[in-house]
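# Geometric and topological summary
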Amino acid sequence: MSNIYSFISAPDSILPSVGGKGASLIKLTRLKLPVPEGYVISSDATSEEIASFVNSLSNKHTYAVR
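Residues numbered from 1 in each chain as written. Predicted model: local features only at pLDDT ≥ 70, side-chain atom pairs only at ≥ 80, totals over all residues. Heavy atoms only, no water.

### Brief notes about the overall build of the protein chain
Assigned secondary structure in the protein chain consists of two helices and two strands. Going from N to C terminus, the protein chain has its helices and strands arranged as β-α-β-α. For 66 residues, the compact-globule estimate of 2.2 N^0.38 gives 11 Å, and the protein chain sits close to it at 12 Å. Counting only C-alpha atoms, the protein chain reaches 30 × 25 × 20 Å along its principal axes. Residues counted as buried form 27% of the 66 residues belonging to the protein chain. In the protein chain, of all internal contacts separated by at least 6 residues, the share reaching a separation of at least 24 is 55%. When the accessible area of the protein chain is evaluated, it comes to approximately 4900 Å², of which 56% is carbon and sulfur surface. Considering the protein chain, the positive charge centre built from 6 side chains and the negative charge centre built from 5 side chains are found 14 Å apart. (Helix = DSSP H or I, 4+ residues; strand = E, 2+ residues; numbered from the N terminus. Rg over C-alpha atoms; globule rule 2.2 N^0.38 Å. Buried < 20%, exposed > 50% of the residue type's maximum accessible area, 1.4 Å probe, protein only. Contact = heavy atoms within 4.5 Å. Areas by Shrake-Rupley, 256 points an atom, 1.4 Å probe, with all protein chains shown as cover. Lys, Arg positive; Asp, Glu negative; His and termini not counted. Charge placed at Lys NZ, Arg CZ, Asp CG, Glu CD.)

Here is the structure:
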């Protein structure tokens, strides 16, 4: 999953390819502001990467996609 990152682990190099909202959430997380746990998907992600990531999510939680 080289094109999917948690807000915490996202490198600076990914910021241009995750959109404004994604980049802002990463930056807010780095500032230790109260941001719910989340992930960003780079515009370079393949449908296989996205499908694999979605399949790895727990059925015990509710998720929001933006």
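### Focus: the side chain of serine 42
The topology assignment puts serine 42 in the loop between β2 (39-41) and α2 (47-56). With relative accessibility at 4%, the residue serine 42 sits in the buried group. For serine 42, the side chain forms a polar contact with the main-chain nitrogen of aspartate 44, separated by 3.0 Å. Non-local contacts of serine 42, meaning those with residues more than four positions away in its chain, are made with Asn3, Ile14, Ser17 and Val18. (Polar contact = N/O pair within 3.5 Å; in protein donor to acceptor, adjacent residues only side chain to side chain.)

### Section: the packing of aromatic side chains
All told, the structure shown has one aromatic pair when counted by the stated rule. With centroids separated by 4.9 Å and ring planes inclined at 65°, the aromatic side chains of tyrosine 39 and phenylalanine 53 adopt a geometry described as edge-to-face. Of this pair, tyrosine 39 sits in strand β2 while phenylalanine 53 sits in helix α2, placing them 14 residues apart in sequence. Judged by its relative accessible area of 10%, phenylalanine 53 is buried. (Phe/Tyr/Trp six-rings, centres within 6.5 Å; stacked < 30°, edge-to-face > 60°.)

Geometric descriptors of this kind do not, in isolation, establish any biological role.
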